[in-house]
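Take a look at the letters that make up each chain.
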Amino acid sequence: MADGAFGLSRELAEETAPVWDKVKDFVTPLEWPQQARLISEINRLKRERDAVILAHNYMTPEIFHGVGDYVGDSLGLAKEAARSDAKVIVQAGVHFMAETSKILSPDKTVLIPDLRAGCSLASSITGADVRLIKERHPGLPVVTYVNTTADVKAETDICCTSANAVQVVEWAAKEWGVDKVILIPDEYLARNVAAQTTVGIIAWAGRCEVHERFTADDIKEMRAAYPGAEILAHPECPEEVLAASDFAGSTAAMIDYVAARKPKQVVMITECSMASNVKGDVPGVDFIGPCNLCPHMKRITLENIRDCLRDMKFEVTVAPEMAERAALAVQRMIDLPPPSKPARYDLVKARHHVDVELI
Ligand code: SF4
């Protein structure tokens, strides 16, 4: 009976009211009844299937706030998946993230709502490429960004994220007793890390199609239009973008920065949904564009999450031998002492160009 808000039953309106509070700036009252029904159906299916949903920071707000049991960056999500007792994991994110969850939780069923949710960065390199790189640079450690496929991780010595890349690179150089490491596949992350350390970097020309499009001119235009706004950039952006920003760090570091400082106006130089999701949790901060959408992340919708749980599709598997080798590289990173806070990039260093050797 439609006796609640938005033409919903009173029970459903009450159940979904806390979510509406967080998404009302991004979802129209016209869209909400359908979304509220889907959110309720998904939460019921989760209980029936003994499932948890891992929602990446780049999911749309109705997914992030409505059905995500764990939200965060890809590695944080995979670690939560391993800790969870649930039998089924639904990855509201892209394929390499589902593989990482499977690598860390081999006994759980890992599902992804759309198998086409890929990643330009992950698809820029294969395990065979890494074997060739190792042949060309024998004796150097291979540090691989977590945004890679399982076969690339299996060829890797240690993984890293944008939050700990500098720490991992310095650890690997010390451990191997070398002054150079291979850091793949994101060229811009590699260049930005090279500016933060004295360790030499050998890089691969992979790019994130979302972050590579930002330019220093975008920042100049934003500063002219919004003189008081603080500009935060992700280290997958080109070096000149970081150099022109007020803060640079991983998605987790950006969230910490906004939550702690609560600046009046913020520009987040990253994927669009990130700002929308942080806004839901840090009201009162004015988030301004520009942002770029990740077409792969946007393949995940409430509808296909519902279908995924209802029909138990699509399962993501990793061959056991490959998963075991990949797990070693991920675990080595997890075993490093965690930074007390997600690392921020030193912008004074970021403004000094340091060359990398591009393979
Ligand atoms: S935002 Fe970039 S790195 Fe993340 S999934 Fe999309 S293309 Fe890949």
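Residues numbered from 1 in each chain as written. Predicted model: local features only at pLDDT ≥ 70, side-chain atom pairs only at ≥ 80, totals over all residues.

K.L.:
What is the right way to read the overall build of the protein chain from this model?
P.N.:
Across its full length, the protein chain carries 16 helices and 13 strands. Oriented by its inertia axes, the alpha-carbon framework of the protein chain measures out at about 70 × 55 × 30 Å. A burial count over the protein chain gives 52% of its 359 residues as buried. The contacts of the protein chain with a sequence gap of at least 6 include a subset with a gap of at least 24, amounting to 67%. (Helix = DSSP H or I, 4+ residues; strand = E, 2+ residues; numbered from the N terminus. Buried ≥ 20, exposed ≤ 12 C-beta atoms within 10 Å, placed from the backbone. Contact = placed C-beta atoms within 7 Å.)

K.L.:
What is the right way to look at the pairing of strand β3 (residues 88-92) in this model?
P.N.:
Consecutive residues of a regular strand have side chains that alternate between opposite faces of the sheet. Burial of β3 is extensive: 5 of the 5 residues sit out of reach of the surface. On β3, burial covers both faces: Val88, Val90 and Ala92 on one face and Ile89 and Gln91 on the other are all buried. With 5 bridges connecting them, strand β1 (residues 51-56) and β3 associate as parallel partners. Residue pairing across strands places Leu54 opposite Gln91, the latter belonging to β3. Inspection of the sheet shows β3 paired to strand β4 (residues 109-111) by 3 bridges, in the parallel sense. Its bridge partner being in β4, Ile89 is matched across the sheet by Val110. One crossover worth recording links β3 to the parallel β4 by way of helix α5 (residues 95-104), and it is right-handed. (Pairing = 2+ DSSP bridges. Right-handed = clockwise from strand over helix to strand, strands pointing away.)

K.L.:
Where do I start with the packing of helix α2 (residues 32-49) against helix α14 (residues 302-311) in this structure?
P.N.:
For any two helices packed against each other, one specifies the crossing angle of their axes together with the interaxial distance. Orientation of α2 relative to α14, taken along the N-to-C sense of each, is 25°, at an axis distance of 9 Å. Judged by the inter-axis angle, α2 sits roughly parallel to α14. In the crossing of α2 with α14, the sense of the turn from one axis to the other is left-handed. On α14, the residues that touch Gln35, Leu38, Ile39, Glu41, Ile42, Leu45, Lys46 and Arg49 of α2 are Leu302, Glu303, Ile305, Arg306, Leu309 and Arg310. Residues belonging to the contact of α2 with α14 are distributed by class as follows: 7 nonpolar, 1 polar and 6 charged. (Axes fitted to C-alpha atoms, helices over the stretch in contact; angles between N-to-C directions. Parallel < 35°, antiparallel > 145°, perpendicular 65-115°, else oblique. Left-handed = near helix turned anticlockwise from the far one by under 90°. Nonpolar A, V, L, I, M, F, W, Y, C, P; charged D, E, K, R; others polar.)

K.L.:
Teacher, can you tell me more about the packing of helix α1 (residues 10-23) against α2 here?
P.N.:
Interaxial distance between α1 and α2 falls to 10 Å at its minimum, and their mutual angle equals 100°. Considering the angle they form, α1 stands roughly perpendicular to α2. In contact with Leu12, Glu15, Thr16, Val19 and Trp20 of α1, α2 contributes Trp32, Ala36, Arg37, Ile39 and Ser40.

K.L.:
Looking at this structure, I do not really get the environment of Met97. What am I missing?
P.N.:
Along the chain, Met97 falls in helix α5. Among the residues examined, Met97 registers 28 C-beta atoms within 10 Å and is labelled buried. With sequence-adjacent residues up to four places away left out, Met97 is seen in contact with His56, Ser74, Leu77 and Gln91.

K.L.:
Is there a simple way to explain helix α8 (residues 165-176) in this structure?
P.N.:
One turn of an α-helix holds 3.6 residues; hence residues three or four places apart share an orientation. Spanning 12 residues, α8 covers 16 Å between terminal C-alpha atoms, matching the ideal 16 Å at 1.5 Å per step. All of the buried residues along α8 are Ala165, Val166, Gln167, Val168, Val169, Trp171, Ala172 and Ala173. Remark: Gly177 follows α8 within two positions and exhibits a positive phi of approximately 65°. (Expected span 1.5 Å × (residues − 1).)

K.L.:
Is there a simple way to think about the domain arrangement of the protein chain in this case?
P.N.:
The figure often quoted for interface size is the accessible area lost as the parts come together. Entries for the protein chain in the domain assignment read domain 1 (5-120 + 297-311), domain 2 (122-210 + 320-345 + 350-358) and domain 3 (216-294). The distance between the C-alpha centroids of domain 1 and domain 3 comes to 25 Å. Listed by partner, the interface residues are 16 residues for domain 1 and 12 residues for domain 3. Elements that contribute at least two residues to the side of domain 1 that touches domain 3 include exactly α1 and α3 (61-66). Top contributing element to the side of domain 1 that touches domain 3 by residue count: α3, with 3 residues. (Domains from an automatic or database assignment.)

K.L.:
Whenever I open this one, the sheet that holds β4 confuses me. Can you help?
P.N.:
Across the sheet, which stays open at both edges, the 4 strands sit in the order β2-β1-β3-β4 with parallel pairing between neighbours. Only two strands of the sheet have a single neighbouring strand rather than two, namely β2 (70-72) and β4. Adjacent strand axes in the sheet meet at a mean angle of 20°, parallel and antiparallel pairs treated alike.

K.L.:
How should the sheet that holds strand β9 (residues 230-233) be read in this particular structure?
P.N.:
Within a sheet, adjacent strands bond to each other through the backbone by hydrogen bonds, running parallel or antiparallel. An order of β10-β9-β11-β12 is seen for the 4 strands of this open sheet, with the pairing classed as parallel. Of all strands in the sheet, those with a lone pairing partner are β10 (247-248) and β12 (286-288), marking the two edges. Sheet topology note: the β9/strand β11 (residues 265-269) ladder contains 4 bridges and is parallel. Paired with Ile231 across the bridge in β11 is Val267.

K.L.:
Explain the nonpolar core here, please?
P.N.:
Nonpolar side chains in soluble globular proteins generally cluster together in the buried interior. With 124 residues, the main nonpolar core has Val90, Val143, Val169, Val181, Leu183, Leu232 and Ile305 as its most contacted residues. Ranked by residue count, the leading element in this core is α8, at 7 residues. Apart from residues no more than four positions distant in its own chain, Val143 is found in contact with Asp157, Ile158, Cys160, Val168, Val169, Ala172, Val181, Ile182 and Leu183. (Core = buried A, V, L, I, M, F, W, Y, C linked by C-beta atoms within 7 Å.)

K.L.:
Would you mind showing me how to read the site of the ligand here?
P.N.:
Cys119, Leu121, Cys208, Val210 and Cys294 are the nearest of the 13 residues found near the ligand. Residue composition of the shell around the ligand, by class: 8 nonpolar, 3 polar and 2 charged. Residue assignment places the shell around the ligand across two domains, with domain 1 (5-120 + 297-311) and domain 2 (122-210 + 320-345 + 350-358) each supplying three or more. (Near = placed C-beta within 6 Å.)

K.L.:
I would appreciate a short explanation of the environment of Ala323 in the present structure.
P.N.:
Mapped onto the secondary structure, Ala323 falls in helix α15 (residues 320-335). If sequence neighbours within four positions are ignored, Ala323 has contacts with Lys102, Ile103, Pro106, Ala150 and Val318.

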